[in-house]
Amino acid sequence: MTAPARGRLAAELRALRQRTGLSLAGLAHRTPYSKSSWSRYLNGSVPVPRQAVEELCRLAGERSRRPVALWELADAEWSGRTGEASSGEASARTDRERTEPVAAGPREKASAKSGRATQRVTALGVSAAVVLAVGVALVMIRLQGGEVSPGHAATVSLPPPGCRGRACAGGDPQSMACGLDARTLTGRRTPAGAGLEIRFSARCGAAWARIWQTRVGDRVEITPPGGRSQRASVADRFDAEGYLFTRMVPAPNPSALRACLVPASGRARVCVAP
């Protein structure tokens, strides 16, 4: 089973890849990392170089602060510093995977060498870095999977949202920082086991739908009363394995929202409303 921080990082990388619109081959063409390496990074099966996270943020037009904070926590798990795995097994596996990049080409080898040098420097202050990452993660770690708890929200000042109300129509809940205070209005499981929820941000006055454990070809949509629907489709197994969410719709009256999952199998759509 994938450790918590590693799983969250992998989900974040998949969301960033979706935002780039690039295939694995496209990522390999535009970065120093091979197609097979990106496949492993996105499913969380091997340690991810920090440089790969930063490259993906650059391609997605995303600030790297939050993904790098996730990487710090995941790196601590990979190396066994969090106690998630036995120290001997984790250290041996991490050292081997960092010094022997998977299917590395000339560009990836050069980047891996630079990455190892950076990791040696980072290791000198790793305890402080992990503590800092935990603090950052309390605010930013769950843009897809949850919200900041009331206790943390009371002690941490959230950054201002990137939009409000109608200005959020068609916006990305992550990049607009609307996920920081998000809560689930309603949700259910489909007969096939997929999850469907409506998420709402009071600060942004906007909502979106998300699905998970889906199949390629499934579609999710959210409709506000008298407004334009937003839709998203499961394009590949990476979308199917993680959270897939729509763009936002204004939600002055959240109780009037409606979200539906349309299965690719042709079965009847499953809908929820607050």
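Because the structure is a prediction, the values reported are computed rather than measured. (Residues numbered from 1 in each chain as written. Predicted model: local features only at pLDDT ≥ 70, side-chain atom pairs only at ≥ 80, totals over all residues. Heavy atoms only, no water.)

S.K.: Please clarify how the confidence of the model for the chain should be interpreted in this entry.
M.R.: Parts of the model with low pLDDT should not have their predicted coordinates read in detail. Within the chain, residue pLDDT values average 76, and 71% of them lie at 70 or more. Per-element mean pLDDT across the chain ranges from 36 in helix 6 (residues 87-99) up to 96 in strand 7 (residues 249-250). The low-confidence segment residues 83-155 (pLDDT under 50) makes 103 contacts with residues lying over four places distant or belonging to another chain. (pLDDT = per-residue confidence, 0-100. Helix = DSSP H or I, 4+ residues; strand = E, 2+ residues; numbered from the N terminus. Contact = heavy atoms within 4.5 Å.)

S.K.: Would you mind showing me how to read helix 3 (residues 35-43) here?
M.R.: A turn of α-helix holds 3.6 residues, and therefore any two residues three or four places apart point the same way. Taken together, the buried positions of helix 3 are occupied by Ser37, Trp38, Ser39, Tyr41 and Leu42. Following helix 3 by one or two positions, glycine 44 has its phi on the positive side, about 75°. (Buried < 20%, exposed > 50% of the residue type's maximum accessible area, 1.4 Å probe, protein only.)

S.K.: Help me understand the nonpolar core, please; the structure alone is not making it clear to me.
M.R.: Nonpolar side chains in soluble globular proteins tend to be buried together. By size, the foremost hydrophobic cluster in this structure holds 23 residues, and its most contacted members are Leu9, Leu13, Leu27, Trp38, Tyr41 and Val48. Of all the elements, helix 4 (residues 50-60) adds the most residues to this core, at six residues. If we ignore the near neighbours within four places in the chain, the residues touching leucine 13 are Tyr41, Leu42, Val48, Val53 and Leu56. Listed in part, the 19 residues of the second largest apolar core include Ala194, Phe200, Ile211 and Val220. (Core = buried A, V, L, I, M, F, W, Y, C linked by side-chain atoms within 4.5 Å.)

S.K.: Help me understand the environment of cysteine 271 in this model?
M.R.: Here cysteine 271 lies in strand 9 (residues 270-272). Separated by 75 residues in the primary sequence, cysteine 271 and leucine 196 place their C-alpha atoms 8.2 Å from one another. Here cysteine 271 is in contact with Arg188, Leu196, Arg258, Ala259 and Cys260, once residues within four sequence places are set aside.

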